[in-house]
Amino acid sequence: MAAASNLLSEDQFLCSICLDVFTDPVAIPCGHNFCKNCITEHWNTSDRCQCPMCKKVFNTRPELHVNTFISEMVVHSEQQVSKPGEVPCDVCTGTKLKALKSCLVCLASYCETHLEPHLTASRLKRHQLIEPVENLEDRMCTKHDKPLELFCKTDKTCVCMLCPVLDHKTHEFVPLKEEYEGKKAELGKTEAEIQQMIQKRRLKIQEIKHSVDLSEEDADREIAEGVQVFTALKESVKIGQANLINTIKEKQKTTEKQAEAFIKELEQEISELKKRWTEVEQLSRSEDHLHLLQSFQSMKAAPPTKDWTEVSVPPSYEGIVRRAVAQLEETLSKEMKKLLEDELKRVQRYAVDVTLDPDTAHPMLILSDDGKQVNHGDVRKNVPNNPERFSNCVSVLGKQSFSSGRFYFEVQVKRKTKWNLGVARESINRKGRITLRPQNGYWTIWLTNGKEYEALDVPSVLLSLKSQPQKVGVFVDYEEGLVSFYDVDAAALIYSFTGCCFTEKLLPYFGPELNEGGENSAPLIISPVRVIK
C-alpha cells in the first residue's frame, strides 16, 4: 500500500468538483472519480447526466459505487498529513505530509516518499538522519557550520567536532548522547520527585477535603446541640415566666380575698357602731336623769370593737422575680455543666503521648525514668549547659512538638502548692530571667500560695475557681489560635487564651516550682487520658 501511494500525486487525491480531498470517492462508467455528494448534487442541478471531466453523456444516471482503492489511498494519505505540532516535510508542495526523518547535512525534513533517496542513493546514505525536528539550523554550529555533536561540560553548551580544536582546547567534552543519558536520568529523578510532590499535594487535598467534611459534621453537631440547649432554655424561660405570673396572680388573689374579709368585717363593725352611735345620740338628748344613768351603765357593757391600727394589706411580691431568675440560673448552670462535659469529652479525643525532655530541664529538676514526672530537688545536678536547657527558670519542656492540628494532654497537680502549666514556642528564651507571657512565647496558668490561680495573659487574669483542680487538661487548636485549660475532675473550663497567632512549633511546658522545704515536693505527673463518664 505504501509503495502504491508513492506513485500517486497529491492532485490525484482531490475531487475536481470541490477541489478538496475525496470524501466517499465513487467512480462513474467513464473512469473518473468524484466525491459521492459532489457528483450527486452536480447531476441534480444539471440538465444532462454527463461527466464533469470528459463531458461523456449518460442516457440514464449511472449507479454509483465506492472506489475502494482511492478511498484507502485517501485514508492513508490523511494519516500521513502533517498535523499541528508535527514536523512537516520540507519538499512537499500543497498539502504537507508528516516528516519521518530530518537530515543534519541537508538541513531538511522528509516525508516517507521524499525520504526514499536518502535510503537508496549511496551518496545520501552517508547523511546523518535523526528523528524529525523543526529549526534544523539551531542544530548546527554557527561558527563552523557543522552538526552539534559534543557537549562542553566546562561551558555547559553544545558544540561541533571542530570546537574542541579551535575554541575549547582545554575544556572537558563528552558526546551528546552521554550527556543526554545523564540529563535524562536527572530528568527521570526530577520527574519522580515532581510526581511525589504531586501525590503529596493530592493527598493534602484529600486531607483538607476530609477536614472540611469533619468540620461540616462538627458544625452540624454543634448546631444540633446548640438548638437543643437553646430550645430547652427557651422552654425553661417560658415555664419560669408562666410560673412567675401564676405565683404573682395567686398572691394577688390571696391579697384580694384577705382584703375582702377585712372589708366585710369592717363594714359589719361600722354597722354595729352606727347602731351604737344612734343609741348614744338618743341617750345624750334625754332630759330624764334616771333613764340616762341607767342606760349609760348598760352601754358600757357592750362588746368592744377590734383595734385596726396595725391591720393592713401590704403587697408581698418582694423576691418573687429574683427567685424565679435564680431558678432559671440554676437550670442554665446545669446546661452549662453538661455542655462543658461534652466539650471536654471532645477535646480528649485529641490526646497525645507527652514525655519530658531531659535536655531542656533546669539542673535542679528531677525527672522520672519514664519521663512522666518532674519535681524540684535540693541539689543542682552537673548537666551540660546546652542551648535548650532552662538556666534560671525551674521548668522543663515536652519532647513532642506540634505545628498544626489539635492536641491535648493532662497533668496531675495533686498536693502541690505552686505550679505552672501550658505550652511554649520552640524559639523561647531559656536563659536568665523569663517572664511567662504570650508575647514572650508562653501560654500558661499558675497556682501560687496554694490557693491563688492566675492566667498569665496580657494583662494577667485572677481566676475564681469553685474547687481546686487535682488534674489539669491542656488543649491546643493550632489553626484556631486557642489554648484552653480544664479542671478534668469537675469537667469545668479554667481559662482560654483566644486569638493567638502560632507561626512555629509548640511544646508542652511544665513548671513544678521550688520545693519550699518539702511543702511543694509533690511532682507534676503527666497522666494517661481517661474520658470522663
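What you see is a predicted model; the values in this text were computed from it and never measured.

Each helix and strand in the protein chain was counted, giving 9 helices and 22 strands. Over its C-alpha trace the protein chain gives a radius of gyration of 53 Å, far above what one expects of a compact globule, namely 24 Å for 533 residues. Judged by the C-alpha coordinates and their principal axes, the protein chain covers about 180 × 95 × 40 Å. Burial statistics for the protein chain: of 533 residues in total, 33% are counted as buried. In the protein chain, the proportion of contacts linking residues at least 24 apart, taken out of those at least 6 apart, comes to 56%. Counting only carbon and sulfur atoms, one obtains 53% of the accessible surface of the protein chain, whose full area is about 34000 Å².

A few words on the state of the cysteines. Following the criterion strictly, the structure yields 0 disulfides and no others. Unpaired in this structure, C38 has its nearest cysteine sulfur neighbour in C18, at a distance of 3.8 Å. The buried category is assigned to C38, whose relative accessible area is 16%.

Time to look at the nonpolar core. Membership of the largest hydrophobic core comes to 36 residues, with the highest contact counts inside it found for W419 and F510. Counting residues in each nonpolar core, the second largest holds 13 residues, with F22, C35, W43 and I70 among its members.

Here we come to the packing of helix 7 (residues 176-284) against helix 9 (residues 320-347). Contact pair helix 7 / helix 9: the axes reach a minimum separation of 9 Å and the direction vectors enclose 165 degrees. Regarding the angle of helix 7 to helix 9, the classification is roughly antiparallel. Seen along the crossing, helix 7 lies across helix 9 with a hand that is right-handed. The residues of helix 9 that touch helix 7, namely those facing R221, E222, E225, V229, A232, L233, S236, V237, L244, T247, I248 and K251, are I320, V321, A324, L328, T331, L332, E335, L339 and R346. Its residues assigned to classes, the contact of helix 7 with helix 9 comprises 12 nonpolar, 3 polar and 6 charged.

Turning our attention to the pattern of salt bridges. Taken as a whole and judged by the stated rule, the model has 16 salt bridges. Put simply, R346 and E225 hold a salt bridge, and the shortest N to O gap is 3.4 Å. Here R346 is found in helix 9, whereas its partner E225 is found in helix 7, with 121 residues between them in sequence. Each member of the pair, R346 as well as E225, carries the same accessibility label: buried. Linked by salt bridges that have partners in common, D218, R221, E222, E225 and R346 make up one network.

Aromatic ring pairs are reported here in terms of the distance separating the ring centres and the angle at which the planes meet. The full count for this structure, using the stated rule, is 12 aromatic pairs. A centroid spacing of 6.2 Å and a plane angle of 75 degrees characterise the contact between F390 and Y509, whose relative ring orientation is edge-to-face. Note that F390 is positioned in the loop between strand 11 (373-376) and strand 12 (396-397) and Y509 in strand 21 (residues 506-511), a separation of 119 residues in sequence. Ring geometry for Y442 versus Y509: centroids 5.5 Å apart, planes at 80 degrees, classification edge-to-face. Within this pair, whereas Y442 is found in strand 15 (residues 442-448), its partner Y509 is found in strand 21, the two being separated by 67 residues in sequence. Here Y442 matches Y509 in class, with each residue buried.

With that settled, the discussion passes to the sheet that holds strand 10 (residues 365-367). Strand order in this open sheet of 7 strands is 10-11-22-13-18-19-20, and the pairing throughout is antiparallel. This sheet does not close on itself; its edge strands, each paired only once, are strand 10 and strand 20 (492-497). If you compare each strand with its neighbour and ignore which way they point, the axes differ by 20 degrees on average. Bridge count between strand 10 and strand 11: 3 bridges; the pairing is antiparallel. Considered in strand 11, the bridge of L365 is made with H376. Here helix 9 sits on the sheet and contacts strand 13 (406-412), strand 18 (471-477), strand 19 (482-487) and strand 20; the angle it forms with strand 19, its principal contact strand, is near 120 degrees.

Attention now moves to the sheet that holds strand 4 (residues 101-103). The sheet built from 3 strands is open, its strands ordered 5-4-6 with antiparallel pairing. Strands at the two margins of the open sheet, each flanked by one partner only, are strand 5 (108-110) and strand 6 (129-130). Sheet topology note: the strand 4/strand 5 ladder contains 3 bridges and is antiparallel. The residue of strand 5 that forms the bridge with K101 is Y110.

Another point: the environment of Q12. Summarising the element assignment, Q12 is placed in the loop between helix 1 (2-6) and strand 1 (25-27). Between the C-alpha atoms of Q12 and L292, which are 280 residues apart in sequence, the distance is 164 Å.

A few words on the environment of S484. Along the polypeptide, S484 turns up in strand 19. For the pair formed by S484 and R48, sequence separation is 436 residues and the distance between their alpha carbons is 98 Å. Ignoring any residue separated from it by four or fewer positions in sequence, one finds S484 in contact with G473, V474, F475, L493, Y495 and S496.

Now for the confidence of the model for the protein chain. One rule of thumb: low pLDDT means the predicted coordinates there are not for detailed reading. Across the protein chain, the average pLDDT comes to 87, with 94% of residues at or above 70. The model gives residues 1-7 a pLDDT under 50, and that stretch makes 9 contacts with residues more than four places away or in other chains.

Glancing now at the pairing of strand 19. In terms of burial, strand 19 is largely enclosed, as 6 of its 6 residues are buried. Bridging between strand 18 and strand 19 involves 6 bridges; their strand directions are antiparallel. Across the sheet, the residue bridging to F475 is S484, located in strand 19. The hairpin formed by strand 18 and strand 19 contains 4 residues between the paired strands, and G481 there has a positive phi angle of roughly 70 degrees. Sheet topology places strand 19 next to strand 20; 5 bridges connect them, and they run antiparallel.

What counts, and at which threshold
Residues numbered from 1 in each chain as written. Predicted model: local features only at pLDDT ≥ 70, side-chain atom pairs only at ≥ 80, totals over all residues. Heavy atoms only, no water. Helix = DSSP H or I, 4+ residues; strand = E, 2+ residues; numbered from the N terminus. Rg over C-alpha atoms; globule rule 2.2 N^0.38 Å. Buried < 20%, exposed > 50% of the residue type's maximum accessible area, 1.4 Å probe, protein only. Contact = heavy atoms within 4.5 Å. Areas by Shrake-Rupley, 256 points an atom, 1.4 Å probe, with all protein chains shown as cover. Disulfide = S-S within 2.5 Å. Core = buried A, V, L, I, M, F, W, Y, C linked by side-chain atoms within 4.5 Å. Axes fitted to C-alpha atoms, helices over the stretch in contact; angles between N-to-C directions. Parallel < 35°, antiparallel > 145°, perpendicular 65-115°, else oblique. Left-handed = near helix turned anticlockwise from the far one by under 90°. Nonpolar A, V, L, I, M, F, W, Y, C, P; charged D, E, K, R; others polar. Salt bridge = Lys/Arg side-chain N within 4 Å of Asp/Glu carboxyl O. Phe/Tyr/Trp six-rings, centres within 6.5 Å; stacked < 30°, edge-to-face > 60°. Pairing = 2+ DSSP bridges. pLDDT = per-residue confidence, 0-100.

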